[in-house]
Amino acid sequence: MKKFWVSFILILSFLYAGTAAAQQLTDTLVYSTGDKYIGGFVNGECSGYGLMIWTNGCSYEGQWKNNLMSGYGKMKWPNGDIYEGNWNGYDREGQGIMYWSEGTTYTGSWKKDKMNGKGIMKWYNGDVYTGSWKDDQQHGKGLLEYANGAIDKGTWVNGEFVK
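Worth saying up front: this structure is predicted, and the values here are computed from it rather than measured. (Residues numbered from 1 in each chain as written. Predicted model: local features only at pLDDT ≥ 70, side-chain atom pairs only at ≥ 80, totals over all residues. Heavy atoms only, no water.)

**Some words on the pairing of strand β7 (residues 91-99)**
Next up, step 1: The pairing of strand β6 (residues 82-88) with β7 spans six bridges and is classified as antiparallel. Each bridged residue has a counterpart across the sheet, and for Glu 84 the counterpart in β7 is Ile 97.
Next up, step 2: Between β6 and β7, which pair antiparallel one after the other, the connecting turn spans two residues, and Gly 89 there sits at a positive phi close to 70 degrees.
Next up, step 3: Examined bridge by bridge, β7 and strand β8 (residues 105-111) share six bridges and lie antiparallel to one another. Considered in β8, the bridge of Gly 94 is made with Trp 110.
Next up, step 4: Hairpin remark: β7 followed by β8, antiparallel, with five residues in the connecting loop; positive phi at Gly 103, about 120 degrees. (Pairing = 2+ DSSP bridges. Helix = DSSP H or I, 4+ residues; strand = E, 2+ residues; numbered from the N terminus.)

Okay, structure coming up:
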């Protein structure tokens, strides 16, 4: 009798799940390149939560939409670098933290895969910059506190302190 109920519940679950218009499944997809995706699918596309492992040693775990990284996720590179934050396609976009393997970190805003907006860079040598960024360079108002105690406070243009 127990076997009957288990089978009955499984059949009902399958029928119910099959009625959802945007049914989400968890499965594994191995590409011809050897790259592998394990996670959610909606209408045949990587969507929802998933893990992509590339043959080059990179991996991404997080949200997907329409076969693209979209929303919050974590990317790891083979050299030990890690980014945790928001994605738009294959670009870091919005808020996130980048950890470089040698010990430098950046916490702040990203746009089109570059540091843009407000952020804090902490270099491995102890220097810390807090302020504005544009295309991966200090740009605008900011404060650079050197590990030796010196300070540069003012305006930066394309990575250079001007006043």
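**What to know about the pattern of salt bridges**
Next up, step 1: Inspection of the entire model under this criterion finds one salt bridge.
Next up, step 2: Its salt-bridge partner being Asp 113, residue Arg 92 comes within 2.8 Å of it at the nearest N-O pair. In this pair, Arg 92 sits in strand β7 while Asp 113 sits in the loop between β8 and β9 (114-122), placing the two residues 21 residues apart along the sequence.
Next up, step 3: The exposure class assigned to Arg 92 is buried, which follows from its relative accessible area of 12%.
Next up, step 4: Residue classification places Asp 113 among the partly exposed residues on the basis of a relative accessible area of 26%. (Salt bridge = Lys/Arg side-chain N within 4 Å of Asp/Glu carboxyl O. Buried < 20%, exposed > 50% of the residue type's maximum accessible area, 1.4 Å probe, protein only.)

**A look at the environment of Asn 125**
Next up, step 1: Position of Asn 125 among the secondary structure elements: in the loop between β9 and β10 (128-134).
Next up, step 2: Residues Asn 125 and Ala 147, spaced 22 residues apart in sequence, show a C-alpha to C-alpha distance of 7.0 Å.
Next up, step 3: A polar contact is formed between the side chain of Asn 125 and the backbone nitrogen of Asp 127, at a distance of 3.0 Å. (Polar contact = N/O pair within 3.5 Å; in protein donor to acceptor, adjacent residues only side chain to side chain.)

**Focus: the side chain of Ser 132**
Next up, step 1: Assignment of secondary structure puts Ser 132 in strand β10.
Next up, step 2: Non-local contacts of Ser 132, meaning those with residues more than four positions away in its chain, are made with Gly 117, Lys 118, Gln 137, Gln 138, His 139, Gly 140 and Lys 141. (Contact = heavy atoms within 4.5 Å.)

**Focus on the nonpolar core**
Next up, step 1: Grouped together as the largest cluster of nonpolar side chains are 21 residues, with contacts concentrated most on Trp 54, Tyr 60, Trp 64, Met 69, Met 75 and Tyr 106.
Next up, step 2: Non-local contacts of Trp 64, meaning those with residues more than four positions away in its chain, are made with Tyr 37, Cys 46, Ser 47, Gly 48, Tyr 49, Gly 50, Leu 51, Met 52, Met 69, Ser 70 and Tyr 90. (Core = buried A, V, L, I, M, F, W, Y, C linked by side-chain atoms within 4.5 Å.)

**Quick look at the packing of aromatic side chains**
Geometry of an aromatic ring pair is reported as the spacing of the ring centres plus the angle between the planes.
Next up, step 1: This structure, assessed with the given rule, holds eleven aromatic pairs.
Next up, step 2: Taken together, a centroid distance of 5.2 Å and an interplanar angle of 85 degrees make the contact between Tyr 37 and Phe 41 edge-to-face.
Next up, step 3: Assessed through its relative accessible area of 0%, Tyr 37 is described here as buried.
Next up, step 4: Relative accessible area serves as the criterion here: at 13%, Phe 41 is assigned to the buried category.
Next up, step 5: In this structure, Arg 92 packs its charged tip against the face of Tyr 83, placed 5.7 Å from the ring centre. (Phe/Tyr/Trp six-rings, centres within 6.5 Å; stacked < 30°, edge-to-face > 60°. Lys NZ or Arg CZ within 6 Å of the ring centre and 35° of its normal.)

**A word on unusual backbone geometry**
Next up, step 1: Unlike most non-glycine residues, Asn 67 shows phi in positive territory, near 70 degrees.
Next up, step 2: The class for Asn 67 is partly exposed, based on a relative accessible area of 32%.
Next up, step 3: Unlike most non-glycine residues, Asp 135 shows phi in positive territory, near 50 degrees.
Next up, step 4: Secondary-structure assignment places Asp 135 in the loop between β10 and β11 (137-145).
Next up, step 5: Using a relative accessible area of 43% as the deciding quantity, one classes Asp 135 as partly exposed.

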